[in-house]
Amino acid sequence: MLYLSDKAFLILAFNTAGMLLINKTLQNNNIKTDLVPAPPETGTVCAIVVRVNENDLETSKSILSREQVVYKDIIEDKKLKLQGLIDRKLGLAVSVEFLEILKKIEAGDDLSYEDIVYLLKTDKPKELDVIYATADRIRKEMVGDAVEIRGAIEFSNYCCKSCKYCGINATNEIAARYRMTEEEILEVVDNLHREGIKTVILQSGEDPLWSTERIIKLIRIIKARTGMRITLSVGELTKEEYKELKANGADNFLLKIETTNRKIFEDIHPDDDYDRRVQCSKWLKELGYINGSGNIIGLPGQEISDIARDIMFFKEMGINMIGIGPFIPAKGTPLENLPHGNIELTVRTVAVTRIVCKKVYLPSTTALASLDKDAQVWALNAGANTIMLINTPEKYRGSYRIYDNKNMVDMDSAIYAVKKSGRKFPAYLKISKEMNNVD
Ligand code: 5AD
């Protein structure tokens, strides 16, 4: 078997088109590549770079030069080493197994599936403290102290799918259906832009009347008049459609796997195929999107081992944004009488995901906020670094009820969470100037 170095290198491009060309050229020449977020020291926010193994570096360079593909720079992909996680004070309060895991984290080595299960299961208070503190440290090293604030517009709750947990599924007759017009959406976008928000998330059910062409028209207008980054969350599409959307201005895409347990996935998604969902996620990555995934904690039949596999999946797929939220029952759905997911387990999953996946966007989710006013603070203290504001106009908001008692996360609640967790607002927000907490 070929020896694989554990060193890797990052090829930086001048722009997204260049990055995609580098990636394609190398792949066509049978070089295994991976698309990953650029490290902070390159100074590029949200950029994606091409990673190759050390063994392939020289061949890659000659392929690029032979095919006259330009790149900006090549740098080593440094492992994150953390000093001082283990100290004598831990003593007998932690197990030998736990100390072995800490050693790996200190050395920047990957954790195994068993390690992840251990971290998700332990009930030793000292170990838990260390897990949260370590996640918080890694968050600080990898993405800094500023909490990214994004604005979401839930522009249609029509959906042709029947996902059993979701309150806006096609068969739920309780849901009052609405579809925002382009004008209504643009009015909200303009407001977000005025507040200095840099990313707008456009989310909807899988609504056939909001065709890809119609979404393309909308995102072209948004790009032209605000230049904002655009995140789409509109479900499963064909590769061609994802490609068109990307070419017309979409930057990020959220499509959660929800669970990597195939049986549970197929049970709760009567219209979806597990392999197809994974395929969509791969396409998004291939096309150069910052790709979002995530899971739901507390699905019927889900075990800790499933959650550990979810985290491995995020890491192996190179997912850039990972939304982790508790299951919350929604009236009118087949799961309406089940209990909600555990908050502590959800926050702990955020922490372990930060430890394993390192340089990723981890939102402190709206679903957490819906279960407890302080749950977003807990997630921010356990590795999360972004908050998504709900900016759907008031008259529609109550109808986008994917689960019950969905909390209204607005700027005030974001201020509360950011302040209470002792974090900062990013400098780009207008409101940062009023807060003495400027980045
Ligand atoms: N409980 C928790 N999360 C839910 N979502 C949808 N319905 C529920 C629910 N009942 C989440 C899914 C989806 C995201 C938009 O909302 O993870 O991807």
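Everything here concerns the structure above.
Each value, and the rule that gives it
Residues numbered from 1 in each chain as written. Predicted model: local features only at pLDDT ≥ 70, side-chain atom pairs only at ≥ 80, totals over all residues. Heavy atoms only, no water. Helix = DSSP H or I, 4+ residues; strand = E, 2+ residues; numbered from the N terminus. Buried < 20%, exposed > 50% of the residue type's maximum accessible area, 1.4 Å probe, protein only. Near = heavy atom within 4 Å. Polar contact = N/O pair within 3.5 Å; in protein donor to acceptor, adjacent residues only side chain to side chain. Areas by Shrake-Rupley, 256 points an atom, 1.4 Å probe, with all protein chains shown as cover. 1 Å grid on protein atoms, 1.4 Å probe; cavity = no way out; pocket = protein on both sides within 12 Å on 5 of 7 lines; lining within 4 Å. Sits in = over half its atoms within 2 Å of the grid points. Pairing = 2+ DSSP bridges. Axes fitted to C-alpha atoms, helices over the stretch in contact; angles between N-to-C directions. Contact = heavy atoms within 4.5 Å. Points joined across faces, edges and corners; volume = space filled by probe spheres on them. Nonpolar A, V, L, I, M, F, W, Y, C, P; charged D, E, K, R; others polar. Phe/Tyr/Trp six-rings, centres within 6.5 Å; stacked < 30°, edge-to-face > 60°.

1. Here we look at the environment of Thr 59
Residue placement: Thr 59 occurs in helix α2 (residues 57-66). Classification of Thr 59 as partly exposed rests on a relative accessible area of 38%. Separated by 307 residues in the primary sequence, Thr 59 and Thr 366 have C-alpha atoms spaced 46 Å apart.

2. A few points about the site of the ligand
With respect to spatial proximity, the complete set of residues near the ligand consists of Tyr 165, Cys 166, Gln 203, Lys 256, Glu 258, Ile 296, Pro 326, Phe 327, Ile 328, Ile 402 and Tyr 403. Between the ligand and the protein, one listed contact pairs a nitrogen atom with a backbone N or O atom of Tyr 165 at 2.9 Å. One of the side-chain N or O atoms of Lys 256 is found 2.9 Å from an oxygen atom in the ligand. Protein burial of the ligand: of its 400 Å² of free accessible surface, 86% is covered by the chains. Cavity membership is defined here by more than half of the atoms lying within 2 Å of grid points; on that basis the ligand lies in the largest cavity.

3. Topic: the sheet that holds strand β9 (residues 290-297)
Spatially, the seven strands line up as an open sheet ordered β10-β9-β8-β7-β6-β5-β11, and their pairing is parallel. The open sheet has two free edges, formed respectively by β10 (321-326) and β11 (386-390), since each of these has just one partner strand. Between one strand and the next, the sheet's axes are offset by a mean angle of 25°, whatever the strand orientation. Pairing of strand β5 (residues 148-156) with strand β6 (residues 199-204) involves five bridges; the strand directions are parallel. By the bridge assignment, Ala 152 is partnered in β6 with Ile 201. Against the sheet, helix α12 (residues 343-357) engages β9 and β10, with an angle of about 160° to β10.

4. Regarding the sheet that holds strand β1 (residues 8-12)
If you trace the four strands from one edge of the open sheet to the other, you get β2-β3-β1-β4, paired in antiparallel fashion. Of all strands in the sheet, those bounded by a partner on one side alone are β2 (33-37) and β4 (73-76). Mean inter-strand twist for the sheet, computed between neighbouring axes without regard to direction, equals 35°. Both β1 and β4 contribute to a ladder of four bridges, which runs antiparallel. When the bridges of β4 are listed, Ile 11 appears paired with Ile 74.

5. Some points on empty space enclosed by the protein
Scanning the entire structure with this criterion turns up one cavity of 30 Å³ or more. Reported here for the largest cavity is a volume of approximately 1,100 Å³. Along the walls of the largest cavity sit 50 residues, with Gln 203, Ser 233, Lys 256, Glu 258 and Ile 402 positioned nearest its centre. When contributions to the lining of the largest cavity are tallied by element, the ones reaching two or more residues are β5, β6, β7 (229-233), β9, β10, α13 (366-371) and β11. Examining the composition of the lining of the largest cavity, we find that five residues originate from one element, β10, more than from any other. When its residues are assigned to classes, the lining of the largest cavity shows 24 nonpolar, 17 polar and nine charged.

6. Thoughts on the packing of aromatic side chains
If you walk through the whole model with that rule in mind, you get seven aromatic pairs. With a centroid separation of 4.6 Å and 15° between ring planes, the pair formed by Tyr 178 and Tyr 396 is classed as stacked. Here the residue Tyr 178 occupies a position in the loop between β5 and α6 (182-194), and Tyr 396 occupies one in helix α15 (residues 394-397), the gap between them amounting to 218 residues. Tyr 396 matches Tyr 178 in its accessibility class, with the two residues each being buried.

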